[in-house]
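Examining the three-dimensional arrangement
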Amino acid sequence: MSVASRRGGQGQAVPVVHATTDAGVRTALPTALFAGTLLSAFHAYRLGGAARVCCWTVRFLLPRDRATPCRYGRFLGDAERRTPVRSSGSGFRFPHRLTQEHIRVHAPALRERL
């Protein structure tokens, strides 16, 4: 930044500031990018990001503990081929009555474990 003076309307010296944009951009741009990224991440987390983090955490922990298969799509495709499950729209269903009854009876205990 450079400061110069010029004469005002009544003969008084008025300081004039000439800012060089190079120095201001070097500090303002990274600060603005960082603040914008932080603010965007905060809003994304508030608007559904927390559920996404929980979902991916569960999807990481269950296969790690060998409680579920790593590749769900392959597992469900193989199960459908072998007929314990049938695809129904965007989901799957168990056609066997005993399997449905078992899941219905044990569902509260399974929910407590999650």
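Let me begin by describing the structure that accompanies this report. Since the model is a prediction, treat every value here as computed from it, not as a measurement.

What counts, and at which threshold
- Residues numbered from 1 in each chain as written.
- Predicted model: local features only at pLDDT ≥ 70, side-chain atom pairs only at ≥ 80, totals over all residues.
- Heavy atoms only, no water.
- Helix = DSSP H or I, 4+ residues; strand = E, 2+ residues; numbered from the N terminus.
- Buried < 20%, exposed > 50% of the residue type's maximum accessible area, 1.4 Å probe, protein only.
- Contact = heavy atoms within 4.5 Å.
- Areas by Shrake-Rupley, 256 points an atom, 1.4 Å probe, with all protein chains shown as cover.
- Expected span 1.5 Å × (residues − 1).
- Bend = angle between axes of the 7 residues up to and from the residue.
- Disulfide = S-S within 2.5 Å.

When you go through the chain residue by residue, the secondary structure sums to 3 helices and 4 strands. Secondary structure of the chain in N-to-C order comes out as β-β-α-α-β-β-α. A buried classification covers 4% of the 114 residues belonging to the chain. Expressed as a percentage of contacts within the chain between residues at least 6 apart in sequence, the contacts between residues at least 24 apart total 0%. For the chain, the computed accessible surface area is about 10,100 Å², with 60% contributed by carbon and sulfur atoms.

The phi dihedral of Arg 66 is positive, around 60°, even though this residue is not glycine. Along the chain, Arg 66 falls in the loop between helix H1 (21-64) and helix H2 (72-82). Exposure remark for Arg 66: the relative accessible area of 76% places this residue in the exposed category.

Once that is clear, we can look at helix H3 (residues 97-113). When the terminal C-alpha atoms of H3 are compared, their 24 Å separation across 17 residues agrees well with the 24 Å that a helix rising 1.5 Å per residue should span. Where H3 bends most, at Ala 107, the angle is about 55°, and the proline Pro 108 comes one to four residues later.

Another aspect to go through is the state of the cysteines. The full count for this structure, using the stated rule, is 0 disulfides. Its sulfur unpaired, Cys 55 is 8.8 Å from the next cysteine sulfur, which belongs to Cys 54.

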